[in-house]
Structure formats: structure tokens, C-alpha cells
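Here are the chains, one letter per residue:
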Amino acid sequence: MANVKLQNLGKRYAGGTQAAVCDVNLEIEHGELFVLLGPSGCGKSTTLRMIAGLEEITDGQLLIDGKQVNGLPAKDRDIAMVFQSYALYPHMSVRENLAFGLRRRKFKLEEINRRVVQASQILGLAPYIDRKPHALSGGQRQRVALGRAIVRDPKVFLFDEPLSNLDAALRVSTRAELTSLHARLGATMIYVTHDQVEAMTMGSRICIMNAGRVEQVGRPLDVYRDPANTFVASFLGSPPMNLMQTSVSLNADGQYLSLGSQFVNASGLMTRLATPLTNGQSVTFGIRPEDISLRPGSPIEAEVLNTEALGAETLLLLSLDGLPAPIRARVGRDERPAKGSKVGIAVDIDRVKLFDTTTGQALP
């Protein structure tokens, strides 16, 4: 296990107009499964490759167990990396693929055999140990790629979207295997993905990146429930958080926020803000789809534009008078209002997040 620290880490390519990665400050603890999450081109894989020594660091420092490794070659960093591509040797058996890296490092035959047997048992590969890659399923091939990293017994494991080539069912099972593997090994793992489900279910903590910068770091559910800005709110979640412009209305009856031409009582929410809002002030109103429910007789009314019955739940696309864009609600599986019908809805005001309309940052 190892502690990995990124201090103002940056990457700028020659001829580039802006940095691919800029001012990244992270500390990955011993034994942590840390996930870098973000859209394509956000800099997460570049950051991982700088940690691995496959990309030159142009700014800042990278420390592993307190030792700066900026100029250290990849082979000397005691790091194992698993890529999206399995990259197995097709003419070698599983056993030979697992042992290849150890042979190149001049390990003794007895130690090679011990590590190969141990890794094959951990990953459930023992029945396939003498098969060639063409005789394995996609999930089994990915496990062999994982095994090549495990036999190294490195300080840090790096994963660059390792499940992207698997079908949906295999991704679910392999995701569970990886989580169990982390628990058994107690190893430090840094995992890159664009898949929110992988990040939410696997990570001890997640780091959401955008345009080469860190947007938010925290435990998955904390980030989901308390996004730091509108980018995180709109990126994390499927469907994402509903974001709409709202204005503050203060009167003798209480404190209200507009939802188009309608209003919701937000007195409890607004009294908890560090800085009071003023009458007529514009802010961005954020609410998760699961925090909107159907409530007959509610003063807030919406038109049903579409209904998606997903078995375990139903997704509704709703139009509110005065709002330029529809919103989504996640309701019970048996709630299926007809398209074009009018329904009453309730918003869980305790789950509402307010953001500054100019900066996009959450209001404290």
C-alpha cells in the first residue's frame, strides 16, 4: 500500500493553447479505492498517466509515500496499470501471461509459481490456467489482465476504464469482483472512469474533473447529495439534477421560490443559508428527480410530456407553466399518469440545492 499525493499537478502539451490538466491537488490515502470521474477530455486519464510515469509532468509535484517521483521512470515507480484493452499475449496461456512480467524482472521460478497460483485463486482463474486468451470470455480476459497487475504486488494499482469493453451484464459482475478484490488486497487503487455507476458503487472517494480541473472531491453519496456547483449537479446522476432559474419572493406568509409561474414555500431552506437572499433575487434551483413526487391536490401543477416505465421505477418528463425546459421526476413503478394529463407535484424542499446564477457555485 502507498500514499499518493498530487501537488499543483499540471500537464501542458507543446503547441497547446491551454493546459490539459491544471493545478490538481489530491491526496489518495493508504488502501483507498479512489475514482477519477468526468466526461471525455476532462483530463482524468492524463492525470492517471502522469502518476504512472507514462506522461511527463510539466507542473507541480507527484509524491508516493512522501518521495517525489516526477523524474522517476515508470518501471521504477512500483506501480501496476490495467488498461481498457486487455493486451494479452495471444500465443501464451493464462499461466504464461501472468508469469511473463515476473520472468522479465528475473524473479525466481519458485516465487513466480507462488504468485501465479495465488493470483489465479484470488481471481477464480485456476480452472482456465492453461487456456489461451481466445478460449476465454471477455470477463475472464479482463481478470487475466488484473492478474498480471496483482502478481507484481505493487504499491499502487492504476485502472484506466478497464470495464469499457465489457457488455452490461459483465460490467456489473466484474465491478463487484473488483470491489471484493480491493477489500481482500487492501491495496491503494486509483480508478478512472466516465461511468457514474462505477464511481458511485466502487469508490471510497470520487474526484469529479472538468476541463482539466478538479470540481469536487468527496465520498460518493456526499457528492451526489451536496454538489459543489452546477457542473457536478448536472453531471452526476441519471437523470441528472433538474436545474432551473428561480426568483425569491418574500412576503408576510413566508419565503417562496418560483417554479415558472408557480411558487414553492422555501422558508425552512432559506433560513439555513449563510447569506440571506433578497426579494426578487435570482438563483438557480436544483432538485433531484427522485425528490419530486406526485401529489393530487398540490398547488404546483405540471403537464406530463412523457412516461418511461422502467420496471422498478417510472421516469416522468414534466412541463411547468413558465419554465422554458421540462423537468424529470422519478416516481414509483405503479405511477403512470397518461401523456398530456395534468398532475399535482410536491418538491422535497429539504433536498433542494441553490446555486449562484453567475458562478454556478452552491450557496452555503
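Residues numbered from 1 in each chain as written. Predicted model: local features only at pLDDT ≥ 70, side-chain atom pairs only at ≥ 80, totals over all residues. Heavy atoms only, no water.

A. Layout of the sheet that holds strand β10 (residues 213-218). The sheet built from six strands is open, its strands ordered β6-β7-β8-β3-β9-β10 with mixed pairing. Unpaired on one side and paired on the other, β6 (79-82) and β10 mark the two borders of the sheet. Taking each pair of neighbouring strands and ignoring which way they run, the sheet shows an average axis angle of 20°. As defined by bridge partners, strand β9 (residues 205-210) adjoins β10 across five bridges and the pair is classed as antiparallel. In the sheet register, Cys 207 faces β10, and the bridge partner there is Val 217. (Pairing = 2+ DSSP bridges. Helix = DSSP H or I, 4+ residues; strand = E, 2+ residues; numbered from the N terminus. Axes fitted to C-alpha atoms, helices over the stretch in contact; angles between N-to-C directions.)

B. Examining the sheet that holds strand β1 (residues 4-11) more closely. Within the open sheet, the four strands sit side by side as β2-β1-β4-β5. Their pairing is antiparallel. The open sheet has two free edges, formed respectively by β2 (21-28) and β5 (67-68), since each of these has just one partner strand. Note: strand β4 (residues 59-64) against β5, two bridges, orientation antiparallel. Across the sheet, Ile 64 pairs through a bridge with Lys 67, a residue of β5. Set on the sheet, helix α1 (residues 44-52) makes contact with β1, β2 and β4; between it and β1 the angle comes to about 120°. (Contact = heavy atoms within 4.5 Å.)

C. Region of the structure containing the packing of helix α4 (residues 138-150) against helix α5 (residues 168-185). In contact at an axis separation of 11 Å, α4 and α5 are set at 20° when each is read in the N-to-C sense. With respect to α5, the element α4 is oriented roughly parallel. The hand of the α4/α5 crossing is right-handed. On α5, the residues touching Gly 138, Gly 139, Arg 143, Leu 146 and Ile 150 of α4 are Leu 170, Glu 177, Leu 178, Leu 181 and Leu 185. Grouping the constituent residues of the contact of α4 with α5 by class yields six nonpolar, two polar and two charged. (Parallel < 35°, antiparallel > 145°, perpendicular 65-115°, else oblique. Left-handed = near helix turned anticlockwise from the far one by under 90°. Nonpolar A, V, L, I, M, F, W, Y, C, P; charged D, E, K, R; others polar.)

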